[in-house]
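Listed below are the residues making up each chain.
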Amino acid sequence: MQAIQKTASQSLLLIAVLTLSTLFEMRTVIAQDPAALEKPLQQEPAKGEPAKQEPANREQPPEQQEEVAMVGAQVFQLGNGEAIGVEVEAQAVEIFRDVTIVMDGVELGGDGAVQLATQVMLAPVAVDNALIRRVCKPNEDQLKQLSQFDAKWVAKEAKSVKANGNKNVVGGFLRVFAGGMPEQGNTNDRATKISALHRKEVAKILTAEQNAAFEKAVKERDEFRNRANAECVVAMLDERLFLSAEQRKQLTEKLMAWKDIANLEVHFYFQNQIYLPSLPSDISKVLNESQRAVFSNIQQVNFQGQMFGVDDAGILITN
Amino acid sequence: MPSLFSRNLLLILLTVASASVQAATCKTVCAQQQDWIQSWVFNGRTETVVRESLQNQADQKLKQMEEACGLTAEQNSKLKLAATGDVNRFFHEVAQLRKATKDLNQQDQNTVQEAWTLISPLSTRLQAGLFDEKSLFAKVMSSTLDEAQANEYKKMLREQIERRHHALVLAMVSTLEKHVPMVGDQREKLIELLDAQPVKDVKQQGLEAFVGYAKLDRVPVKELEKLFDKDQLTVLNSLRERYAQIVQMFR
């Protein structure tokens, strides 16, 4: 009995300590930002990481709404060219206003959400629509059917697609005790799933031959992206390690087969030359002993985001 | 049981109080002990690691020269000495900077700005590499290598830069494809056009990431019109306008 009492008392102690520390932390968060309970907990940006965009007030005066619509429209025009028309752009600004956008665990609203939804989720679909028009030469009827994959369709799918979220233990704990927003899926993951869904739906409209041509064009584009990124990484390594022609060839092949190569934002590393991306360990097998010594001293950092174009998800230091 | 509960409650309060005091103390002490050189120049690495890294870079550079133009033992020895001199000179400046920033108040925003002004040139130099054209290494190299060796070495460096620029062209075209849909033939021809555009090597100014856009800026509009349709050109021209200012640096 005494043992049970002791265990119960210890459990009570543990729960009390956790509750107190959570409330203590929550009090600090609320003191700094009274609206904190209305949104998921935001992590402090790492050194060098750009500040996250704060959610804008969704109920804005008309003149501010107009300004937001302008921001969105500019982004559309730059991002998609002919892929979507001006009327669709204006429509999309309104549509995406209601979509919850979560980037890197942070909820965005207002023009930030419109911009992200446009660039991350709509742009790939719109660009693929335009690619289909060039590669598959669809007829009038097909074109009419393809026009359904517009901003409205993307917004609808954005709401229904189940995306993997960023796990945030403290945020989750806070939400259990203090309520607030449920954990949201990651926008990039949602965008990938919407793109895949778009391709699946498009296949139903195109003929087998047209679809094969489209799939081939997409495959070539993906392979090209992998090659481009692999050659950039090899060029960065060459700068520091003075690789032989054979090493460059082997490294390019290895990197092209690496699962994360397509997601690298290589421009960042040319701009911040003390870093390299976190590369797969087996590339060191291609290097000689003195190259390995130099390689092991280079800081490897994962930059998630895009310098030229789309999102701005900050820097994650991995070692 | 009540006594056990009171004891635990006391323990909880003590734990919370002690944690708060610890956090406050740590904040003060950590701020006092922050090493600005380590944070801002070495990017969190220790002096030993940075020194070792620089020495490895020098060894690697010598190996590269050895392969490109076949150094004699005497040339190798002179260049090695010069590289060590560059590394030592750098750490001498680091030591001076440590002295200059030692007593600065890290809690004062103006002082932090002042410190950054002092520290940033050293940080930039380390990023760009110590063995550039102003280095002792470069000076010794130009007086040590004969003409044939120097030409071979320059040729090798030029080829290396061309490879970097080509890789950046590929990366830019790949980014463009997130905005402009391209068929395979258009992509290949655009790469050919871009590769053919000469641009200055601006690695030292930290602008290398813009190489692709600088080359795009130099492609005559007529050439692009032959390659792309009106809608594609609208987007390409928007991008050209966006980076028009920065690509001036490449001319």
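The rules we used
Residues numbered from 1 in each chain as written. Chains lettered and ligands numbered in written order. Predicted model: local features only at pLDDT ≥ 70, side-chain atom pairs only at ≥ 80, totals over all residues. Helix = DSSP H or I, 4+ residues; strand = E, 2+ residues; numbered from the N terminus. Buried ≥ 20, exposed ≤ 12 C-beta atoms within 10 Å, placed from the backbone. Contact = placed C-beta atoms within 7 Å. Pairing = 2+ DSSP bridges. Right-handed = clockwise from strand over helix to strand, strands pointing away. pLDDT = per-residue confidence, 0-100. Core = buried A, V, L, I, M, F, W, Y, C linked by C-beta atoms within 7 Å. Expected span 1.5 Å × (residues − 1). Axes fitted to C-alpha atoms, helices over the stretch in contact; angles between N-to-C directions. Parallel < 35°, antiparallel > 145°, perpendicular 65-115°, else oblique. Left-handed = near helix turned anticlockwise from the far one by under 90°. Nonpolar A, V, L, I, M, F, W, Y, C, P; charged D, E, K, R; others polar.

Student: Is there a simple way to think about the overall build of chain A in this case?
Tutor: Secondary structure summary: chain A contains 12 helices and 5 strands in total. Within the span of chain A, comprising 319 residues, buried residues form 32% of the whole. A separation of at least 24 residues holds for 70% of the contacts in chain A among residues at least 6 apart in sequence.

Student: I tried to follow unusual backbone geometry on my own but got confused; where do I start?
Tutor: Negative phi is the rule for most residues except glycine; trans is the rule for most peptide bonds. Phi is positive for Phe242 of chain A, which is not a glycine, with a value near 50°. Structurally, Phe242 of chain A is set in the loop between helix 9 (208-241) and helix 10 (245-256). Here Asn43 of chain B, not a glycine, exhibits a phi torsion of approximately 55°, which is positive.

Student: Help me out: how do you make sense of the pairing of strand 4 (residues 299-303) of chain A in this one?
Tutor: Consecutive side chains of a regular strand alternate in pointing toward one face of the sheet and then the other. Residue and element names in this part refer to chain A. With 2 bridges joining them, strand 3 (residues 275-276) and strand 4 adopt parallel strand pairing. Its bridge partner lying in strand 4, Tyr275 is registered against Gln299. This β-α-β element, strand 3 to helix 12 (residues 289-296) to strand 4, shows right-handed connectivity.

Student: Which parts of the structure should I look at to understand the environment of Gln273 of chain A?
Tutor: On the secondary structure map, Gln273 of chain A appears in the loop between helix 11 (266-271) and strand 3. Separated by 26 residues in the primary sequence, Gln273 of chain A and Gln299 of chain A have C-alpha atoms spaced 9.9 Å apart.

Student: I tried to follow helix 9 (residues 211-218) of chain B on my own but got confused; where do I start?
Tutor: For an α-helix, 3.6 residues make a turn, and residues three or four places apart therefore share a direction. Residues and elements named next belong to chain B. Of all the 8 residues making up helix 9, 7 are buried; the element is thus mostly covered by neighbouring parts of the structure. Of the residues making up helix 9, those classed as buried are Val211, Gly212, Tyr213, Ala214, Lys215, Leu216 and Asp217. Where helix 9 is buried, its residues contact helix 7 (147-176), helix 8 (184-195), helix 11 (230-242) and helix 12 (244-247).

Student: What is the right way to look at the confidence of the model for chain A in this model?
Tutor: Interpretation of the predicted coordinates at a detailed level should be avoided for regions scoring low in pLDDT. All names here are of chain A. Chain-level statistics for chain A give a pLDDT mean of 66 and a share of 50% at 70 or above. The least confident element of chain A, judged by mean pLDDT, is strand 5 (residues 315-317) at 26; the most confident is helix 10 at 96. Scored below 50 in pLDDT, residues 14-91 shows 121 contacts in the model against residues more than four places distant or in partner chains. Considering only residues more than four positions removed or in separate chains, one finds that residues 309-319, a stretch of pLDDT under 50, has 40 contacts.

Student: Mind showing me how you'd approach the nonpolar core here?
Tutor: The biggest cluster of nonpolar side chains holds 49 residues, and the ones touching the most others in it are Cys232 and Val233 of chain A together with Leu168, Ala171 and Met172 of chain B. Looking at this core, the element that brings in the most residues is helix 9 of chain A, giving 9 residues.

Student: What is the right way to read helix 9 of chain A from this model?
Tutor: The terminal C-alpha atoms of helix 9 of chain A, which comprises 34 residues, lie 48 Å apart, in line with the 50 Å expected from a rise of 1.5 Å per residue. After helix 9 of chain A finishes, the residue Phe242 of chain A shows a positive phi value of roughly 50°.

Student: It is not clear to me how the packing of helix 7 of chain B against helix 8 of chain B should be interpreted in this structure. Could you clarify?
Tutor: Residue and element names in this part refer to chain B. Interhelical geometry of helix 7 versus helix 8 gives an angle of 140° and a closest axis separation of 10 Å. Here helix 7 is positioned oblique relative to helix 8, judged by the angle of their axes. Viewed along their axes, helix 7 and helix 8 form a crossing whose handedness is right-handed. Here helix 7 contributes His166, Val169, Leu170 and Val173 to the contact with helix 8, which in turn contributes Arg187, Leu190, Ile191, Leu194 and Asp195. Grouping the constituent residues of the contact of helix 7 with helix 8 by class yields 6 nonpolar, 1 polar and 2 charged.

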